[in-house]
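# Summary of the model geometry
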Amino acid sequence: MERGKIESEKTVLLDMDGVVADFVSAACRLFGKNPEAEHARLNPDTGWDFFDAWGLTASDFWQQIDLAGESFWTGIKPESWAIDLYDRLSSLAPVYFCSSAALTPSAWSGKIKWLRAFVGIGHFNDVVLTTHKHLLARHTNCLIDDNQDNVDSFAAWGGKSILFPRLWNKSKFSSLDEVMKEVQKWLRAS
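Attention in this report is confined to the structure presented alongside it.

The rules behind these values
- Residues numbered from 1 in each chain as written.
- Predicted model: local features only at pLDDT ≥ 70, side-chain atom pairs only at ≥ 80, totals over all residues.
- Heavy atoms only, no water.
- Helix = DSSP H or I, 4+ residues; strand = E, 2+ residues; numbered from the N terminus.
- Pairing = 2+ DSSP bridges.
- Axes fitted to C-alpha atoms, helices over the stretch in contact; angles between N-to-C directions.
- Contact = heavy atoms within 4.5 Å.
- Phe/Tyr/Trp six-rings, centres within 6.5 Å; stacked < 30°, edge-to-face > 60°.
- Buried < 20%, exposed > 50% of the residue type's maximum accessible area, 1.4 Å probe, protein only.

## Brief notes about the environment of Leu 92
- With respect to the secondary-structure elements, Leu 92 resides in the loop between α5 (82–90) and β2 (95–99).
- Spatially, the C-alpha atoms of Leu 92 and Ser 80 are 21 Å apart, while their sequence positions differ by 12 residues.

Printed below as a string of structure tokens:
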């Protein structure tokens, strides 16, 4: 696809943390917690804020991540399905990474460096870092995200959204194949 035609085409906005990047395990390691044990405790009723069970406030949690600096972000491992998901989506439509970032420069630079290592991008044209993902919502954009609030807000603002299945959400999808079928269905719709 020609980059000049992207404005008129359907595009996919792919979240990073929790979708292609294993943020939860990285956070567990930073705080000296066992990732497997913490994953086992996650469920849709408790949600993603697993650090509550550690006796931390959101502020304390993010402060420690900020103190870890850029190496925290660059050290996150890709999810086992990450390359497959990205490759399959890229074969169907332009893919832009759309990720929230902590309010420190090290989070932003770390995420860009992570993406360079993950997909080999050497520029910033295919990345949007914002907590306001809903501002990118339009009928030609589909957000794939693991956060229910992001998905709901994006849809309310006129975009297509897909809740990526994770232990901490109530996605109606249970597999990567189901997510891909939903993307294909959206791409075929006029």
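From this point, the discussion proceeds with the structure in view.
## Observations regarding the sheet that holds strand β5 (residues 160–163)
- Across the sheet, five strands lie side by side as β3-β2-β1-β4-β5; this open sheet has parallel pairing. For this open sheet the edge positions go to β3 (127–129) and β5, each flanked by a neighbour on one side alone. Going from strand to strand, the sheet's axes swing by 20° on average, the running direction of each strand aside.
- Bridging between strand β4 (residues 141–145) and β5 involves four bridges; their strand directions are parallel. Its bridge partner being in β5, Ile 144 is matched across the sheet by Ile 162.
- Each of β2 and β3 is contacted by helix α6 (residues 105–119), which is oriented at about 155° to β3, the strand it contacts most.

## Focus on the packing of aromatic side chains
- Enumeration over the complete set of coordinates arrives at 15 aromatic pairs.
- Both rings, one in Phe 31 and one in Trp 54, keep their centres 5.3 Å apart while their planes meet at 45°; by these two values the pair is tilted. Taken as a pair, Phe 31 in the loop between α1 (23–30) and α2 (35–41) and Trp 54 in the loop between α2 and α3 (58–68) lie far apart in primary sequence, 23 residues in all.
- Judged by relative accessible area, which is 14%, Trp 54 ranks as buried.
- Grouped by ring-pair contacts, the aromatic residues Phe 23, Phe 31, Phe 51, Trp 54, Phe 61, Trp 62, Phe 72 and Trp 73 constitute a single cluster.

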